[in-house]
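# Residue-level structure breakdown
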Amino acid sequence: MNDEWEEVSKDMEVFTVTNKDTLINHNIRLLSTKEGYPRLFFADLETPVCADGECRLAKIKIYWNLLGNYVGYGIDPDEPLTKFEHDPFDKEDYAKLHALLLDDNSVLRNREMSELVDEVPVSISKADFGAVDGISSATKKEIKESVVQGGLYSCYTLWHLVHGEVKKNISAYLQSIYTDSLNNYLLYSDYEDYQYYGLKKLPKEAFEKHFEQVIRIFEKTQPLIRTYILKKIPNNILEDRNNTEQFYRLFSRTDINTKTQLVKKAGSAHLIALEILSGFSSEMTKNQLKLYLEIFNENPENLTPLIKSNLLEAARSEKYAYNYLIKEFLNNKE
Amino acid sequence: MKEHYIMNRTNNSMAFYKAKKVMLLAMSLIIFSQARAQQVLIEAESFIDKGGWVVDPQFVEQMGSPYLMAHGLGVPVKNASTEIQFKKKGTYHVWVRTKNWVPGDWEAPGRFRVMINGKELKTTLGTMPGWSWEYAGTTAVKSKKVEIELVDLTGFNGRCDAIYLSQSEEQPPNDIKELAVWRQTKLGETTAPEKEETYDLVITGGGLAGCAAAIAAAEQGLKVALIHDRPLLGGNASSEIRVHTLGIYGKFERILKMIDTEHYPNGSSEAKIDQEKRDRNVKSFKNISLFLNWRAYDAVAKDNLIQYVDARHTATGERIRFKAPRFVDSTGDGWIGFWAGAEFSYGRESVDTYGEAWDVWGELWSPEEADDFVMGSSVLWQTEVLKQPQIFPEVPWAREVAGDHSAIAGEWYWEFSRNDLHQIHDAEEIRDHMLRAIFGSFANAKKLEENKNHKLQWVSYLVGKRESRRLVGDHIFTFKDVQEYTKFPDSVVMEIREIDVHFQRNLRDASQPDFLSKAIFYKTDKYYIPYRSLYSKNINNLFMAGRNFSCSHIGLGGPRVMRTTGQMGAAVGFAAVLCKKYNVNPREIYTNHLKEYMELIESQQWPEN
Ligand SMILES: Cc1cc2nc3c(=O)[nH]c(=O)nc-3n(C[C@H](O)[C@H](O)[C@H](O)COP(=O)(O)OP(=O)(O)OC[C@H]3O[C@@H](n4cnc5c(N)ncnc54)[C@H](O)[C@@H]3O)c2cc1C
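Residues numbered from 1 in each chain as written. Chains lettered and ligands numbered in written order. Predicted model: local features only at pLDDT ≥ 70, side-chain atom pairs only at ≥ 80, totals over all residues. Heavy atoms only, no water.

### Focus: the overall build of chain A
- On a plain count of helices and strands, chain A comes out with 14 helices and five strands.
- Across the 334 residues of chain A, 53% fall into the buried class.
- A total of about 16400 Å² of accessible surface is found on chain A, and carbon and sulfur atoms cover 49% of it. (Helix = DSSP H or I, 4+ residues; strand = E, 2+ residues; numbered from the N terminus. Buried < 20%, exposed > 50% of the residue type's maximum accessible area, 1.4 Å probe, protein only. Areas by Shrake-Rupley, 256 points an atom, 1.4 Å probe, with all protein chains shown as cover.)

Next comes the structure, spelled out in structure tokens:
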């Protein structure tokens, strides 16, 4: 779990949500620092967990981050969660529950409670057909593997509480208290989801001002967010040599989809982009290389001596499967 | 080349399909003499006995021809052989058009040799990257009849497009455009096929959509041609790809039950049972002329009306020109529309284009800026457990893709999409990437004691596609039509199955294998697709049915499943009937004959109870 809770000293009820299945109202609280900066959302829940007509009360404290993403939970040791036949959860069970709750796309997501009954093939929609391009016989196994053994109903109930209405409400609430400084807090935090949110909210024009942080995020983050950055970054930022260099020297360390985007952008970036890429040409896929070489067909003046000599080297590399394409390209240029 | 904006065919892409293939004469070869030398060109796919090699016609538009492939799952396949006539004895140079399908720092996986009159030429082929003519050496031709064989050395997908024997040392061209011209001019192939046939309706692509269109039109008396590039009908639902059909029947239960599948896991061999049913039913219509193993390669429009579709037999090379007042594109890839100049789209639209946001999923669902992260293609596969231990060879060339991933079966989520790969232009690379994923993951699994008796039973060599070109109609079906349950005056297709849109796992976690995907589901009540999404906006006699219908990327998420695409086919078939009755184009069914059309469709419904 995030360690924000250490800074927390204020606690305020912000809204309630009603569980559609149980009709119970749950109070959602916002935890803030003593200066009043929001940090976490929190709920102290009691919810019945029912299986085969028998219900028990589960008591659990749930924490969400500011975006409504689940971060952790707490259980009173005297009131453990229970599974089939009222056995208490053991340590592994708690860890498994945590892993399940962290998965926003869990196999439980689109299931009705009634669809979880064992032995019956899992049908995921109102129609009476079984597997889908997306769901299959593998699913039942997947469900079994993702939940605590004997604790399917607890897991199901809690997953839907954590990922249901609350999330939407938190989103809406965050909007209502949104400020630029809150966005800066998110953008400069170490959490990927915060950074992503910060980037999404950041107007294109502000990229320049936050360039150092953008690059820092770009270097470490997941491919999806890298892709997002490269799409959003305004062209004028990459007209600057230093900025361009900072992106392109990371080429080798980025994922394959990001590499494609870097190559695609290179033609409109500072010339240094093409030079740096020439040193990495033997790391390109066939189509990336084709895209890269195409830039010189369109603008032959960009084929500097340095680029040419790097390309020659890649063409000579026996290990590079597409060296023949570079050879062809260079031959055509003679 | 960027394609995700709606656009007409570009000159660039014209080159692909203009790459035409030689026409083969009855003897399955062409002999031609020039003043100086004798030359013989043999198309591998026309070999009389294909042995264990399979004909692969999937990538004609990119590499120029169907080819033979040694798909032996690691066990060398039986020789393919053919016999040819030589006019002149002497020494011939031998070139073979092939490729090393996994170039790299290892022995090429698909190696093979050529044998002439029982004597193997020493050069191992399939070793150069990219499709090219590899020199196999010389052979002395001493008799008029010569037997040529392909000798597979690995069982791992060696491929042979053509063999060229010549007394001259001049190598045939490698450049795809030059090669097409070379083939055409040297062989004196005419531009137009000599044979011409005329129908009421010409349907290209025999997936569920094409089959349903053919049946609906034929039931009402139309003379129909169904052109399909495989020996078996059904497309992704066929026993060659083995995806089972999902979705509801809508108004067309009777027709769709003739061609759909039972429920079974994707990849199951049970697909064979439904295959027999489907083939039998479609063949039972006397007025459906079935052209199995025929692949369309061109369609030409004049004044926005398609004049004809040209197709070629995938093995013999024979050609036919198909004429009709109206055409259906159910190729899945929108080929007919593309060739004819129909507007189409490719890729993911920006979220604002049609207002398709789903905040919970953000960029994974619909991006702020358009891009090419379409849903990927799959290759399904299965293993069996035998009583005895089974050996599987080392596959060092697969490691780069499979990494440490280990698996003994595939499923729908074995799926591949990458932003530098186009689902049509790079389909061969996508298929090959999946083969490496499969062979590599299975080889890893085989290292475990528990899998020692496992054997690869079946790996499809056909790539199962989800998303490629979408032809643009008068209505573009989008997520909004689902969310708002829009009821159209021309609602002819309906569905209740949730939308599912896939993304590659490695987008969120770079450590995941690049060949696995995840699905995002959006639950829905019944939604409708209008007839106006089933005919082209600018090509006035073109219908489309199947996953290349008029929709956005997210719009395709739900109705791409095959009972839904089947509904589209049936709806189009019935529309074609009224088009003939009134001698009008598809659009006029909507503008002038909607009532009658909707009644015809309603009457297809089984009576209540
Ligand atoms: C792995 C996988 C799992 C899936 N899971 C499901 C599922 O569980 N249930 C479900 O219903 N759907 C599923 N889908 C989606 C569904 O299979 C596709 O959307 C399907 O392709 C739609 O059918 P279609 O008739 O439009 O196209 P296709 O099935 O692709 O049929 C078109 C046919 O036209 C032929 N063709 C193409 N070009 C030419 C030409 N030029 N000349 C002649 N013939 C040509 C092709 O060979 C092809 O067979 C899945 C897809 C994949 C890949």
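### Some details on the domain arrangement of chain B
Residue and element names in this part refer to chain B.
- Segmenting chain B into domains produces domain 1 (3-187), domain 2 (195-351 + 466-605) and domain 3 (377-459).
- With 22 residues of domain 1 in contact, the opposing surface of domain 3 contributes 20 residues.
- Between domain 1 and domain 3, roughly 1700 Å² of surface is buried when both sides are summed, and carbon and sulfur atoms account for 65% of that area.
- Contact with domain 3 buries surface across domain 1, with Leu 73, Trp 106 and Phe 156 losing the most and accounting together for 34% of the total.
- Counting across the interface, domain 1 meets domain 3 through four salt bridges.
- Two residues, Lys 99 and Glu 428, come together in a salt bridge whose shortest N-O distance is 3.1 Å. (Domains from an automatic or database assignment. Contact = heavy atoms within 4.5 Å. Buried area = accessible area lost by both parts, 1.4 Å probe. Salt bridge = Lys/Arg side-chain N within 4 Å of Asp/Glu carboxyl O.)

### Points about the interface of chain B and chain A
- Across the boundary between the two partners, chain B contributes 51 residues, which contact 40 residues of chain A.
- Around 3900 Å² of area is buried between chain B and chain A when both sides are counted, 50% of it from carbon and sulfur atoms.
- The three residues of chain B that bury the most area against chain A are Glu363(B), Phe521(B) and Lys523(B), which together make up 15% of that side's buried surface.
- On the surface where chain B and chain A come into contact, there are six salt bridges.
- Note that Lys200(A) and Glu363(B) form a salt bridge whose closest N and O atoms lie 3.5 Å from each other.
- When contributions to the side of chain B that touches chain A are tallied by element, the ones reaching two or more residues are α9 (362-365), β27 (499-504) and β28 (517-522) of chain B.
- Partitioned by chemical class, the residues of the side of chain B that touches chain A number 20 nonpolar, eleven polar and 20 charged. (Nonpolar A, V, L, I, M, F, W, Y, C, P; charged D, E, K, R; others polar.)

### Quick notes on the nonpolar core
- If you look at the biggest cluster of nonpolar residues, it comprises 124 residues, and the most contacted ones within it are Phe247(A), Tyr292(A), Trp365(B), Phe543(B) and Tyr597(B).
- Sorting elements by how many residues they give to this core places helix α14 (residues 562-582) of chain B first, with eleven residues.
- The residues contacting Tyr597(B), other than those within four sequence positions of it, are Val492(B), Tyr531(B), Ala571(B), Val572(B), Phe574(B), Ala575(B), Leu578(B) and Ile589(B).
- Of all hydrophobic cores here, the second largest spans 44 residues; its members include Val14(A), Ile60(A), Cys155(A) and Val162(A). (Core = buried A, V, L, I, M, F, W, Y, C linked by side-chain atoms within 4.5 Å.)

### Focus on the sheet that holds strand β10 (residues 145-152) of chain B
All names here are of chain B.
- Taken in spatial order, the four strands of this open sheet run β5-β10-β7-β8, and their pairing is antiparallel. Edge positions in the sheet fall to β5 (80-85) and β8 (119-120), since each of these pairs with one other strand and no more.
- For strand β7 (residues 112-116) and β10, the ladder comprises five bridges, and the chain directions are antiparallel. Across the sheet, Arg 113 pairs through a bridge with Val 151, a residue of β10. (Pairing = 2+ DSSP bridges.)

### Structural notes on the pairing of strand β17 (residues 305-313) of chain B
All names here are of chain B.
- Among the nine residues that make up β17, seven are buried, leaving the element largely enclosed by the rest of the structure.
- As defined by bridge partners, strand β16 (residues 294-302) adjoins β17 across eight bridges and the pair is classed as antiparallel. Following the sheet pairing, Ala 301 is matched in β17 by Ile 306.
- If you look at the hairpin formed by β16 and β17, you'll find two residues sitting between the two strands, and Asp 303 has a positive phi there, around 50°.
- With five bridges connecting them, β17 and strand β18 (residues 319-323) associate as antiparallel partners. Residue pairing for β18: Val 309 is matched across the bridge by Phe 322.

### Regarding the pattern of salt bridges
- Going through the model one piece at a time under the given rule, you end up with 57 salt bridges over all chains.
- Across the pair Glu245(A) and Arg241(A) runs a salt bridge, and its minimum N-O distance is 3.9 Å. Here Arg241(A) and Glu245(A) lie together in helix α9 (residues 241-248), a separation of four residues that amounts to about one turn.
- By relative accessible area, Glu245(A) is classed as partly exposed at 31%.
- Connected through salt bridges with shared partners, the residues Asp56(B), Lys99(B), Arg159(B), Glu428(B), Arg431(B) and Asp432(B) form a single ionic network.

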